[in-house]
Amino acid sequence: MIDPGLLPALHASHGGIWLREGERTHGLAKGQAIARAAETPVLLLNAPLTGQRLGYPDLNGLDLLELWAFLHPAHFLVPTPKGLAQALNLPIPASEADIPALLQNATK
């Protein structure tokens, strides 16, 4: 079985796109992010919004909002990185580049 914390994590916002693989986070262009997500499953927060930001509405990945809804039905979660961090008692990311690490840590 694959440890979800080892899966790549992708975050896209108006400020940029970041991918974390292992212990390294780096910025990507839209095309690179789409290609990477097509190669292997990536952890995402709100796949439809991420796909919209990448200009690729068919983006598929392991959406942590869907996982939350499955594991905690009827428990509200603000659908943002800060909301996820607060719900799981994890440190709130200091910058957008820190969000992919949050996504990996949220699966542990």
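Conventions used here
Residues numbered from 1 in each chain as written. Predicted model: local features only at pLDDT ≥ 70, side-chain atom pairs only at ≥ 80, totals over all residues. Heavy atoms only, no water. pLDDT = per-residue confidence, 0-100. Helix = DSSP H or I, 4+ residues; strand = E, 2+ residues; numbered from the N terminus. Buried < 20%, exposed > 50% of the residue type's maximum accessible area, 1.4 Å probe, protein only. Arc of directions from axis to C-beta. Contact = heavy atoms within 4.5 Å. Core = buried A, V, L, I, M, F, W, Y, C linked by side-chain atoms within 4.5 Å. Patch = residues over 30% accessible without salt bridge, like charges linked within 9 Å, V, L, I, M, F, W, Y side chains within 5 Å. Areas by Shrake-Rupley, 256 points an atom, 1.4 Å probe, with all protein chains shown as cover. Salt bridge = Lys/Arg side-chain N within 4 Å of Asp/Glu carboxyl O. Pairing = 2+ DSSP bridges.

(A) Layout of the confidence of the model for the protein chain. With 95% of its residues at a pLDDT of 70 or more, the protein chain shows a mean pLDDT of 91. Confidence, expressed as mean pLDDT per element, reaches its minimum in the protein chain at helix α1 (residues 30-39) with 91 and its maximum at strand β4 (residues 43-44) with 96.

(B) Quick look at helix α2 (residues 47-54). Ala 47, Thr 50, Gly 51 and Leu 54 are the residues of α2 that are buried. Buried positions in α2, seen along its axis, are confined to an arc of 100° and lie on one side of it. In α2, the exposed positions that point more than 90 degrees away from the buried face belong to Pro 48 and Gln 52. Those residues of α2 that are buried lie in contact with β1 (9-13), β2 (16-21), α1, β4 and β5 (62-63).

(C) Focus on the nonpolar core. In this structure, Leu 10, Ala 12, Ile 17, Leu 19, Leu 28, Ala 33, Ala 37, Val 42, Leu 44, Ala 47, Leu 54 and Leu 59 together form the largest nonpolar core, which totals 12 residues. When residues of this core are traced back to their parent elements, those giving at least two are β1, β2, α1 and α2. Excluding residues that lie within four positions of it along the chain, Leu 28 makes contacts with Leu 10, Ile 17, Leu 19 and Ala 33. Leu 7, Leu 45, Leu 84 and Ala 106 belong to the second largest nonpolar core, which has 11 residues in total.

(D) Expanded view of a nonpolar patch on the surface. A cluster of nonpolar side chains, namely Leu 67, Phe 70 and Leu 71, defines an oily patch on the protein surface of about 340 Å² accessible area. Relative to the assigned elements, Phe 70 resides in helix α3 (residues 64-71). Phe 70 sits in the exposed class, given a relative accessible area of 68%.

(E) Here's a closer look at the pairing of β1. Burial within β1 is extensive, with 5 of its 5 residues counted as buried. Bridge count for β1 against β2 is 5 bridges, and the pairing is antiparallel. When the sheet's bridge partners are listed, Ala 9 is paired in β2 with Arg 20. Count of turn residues in the β1/β2 antiparallel hairpin: 2 residues.

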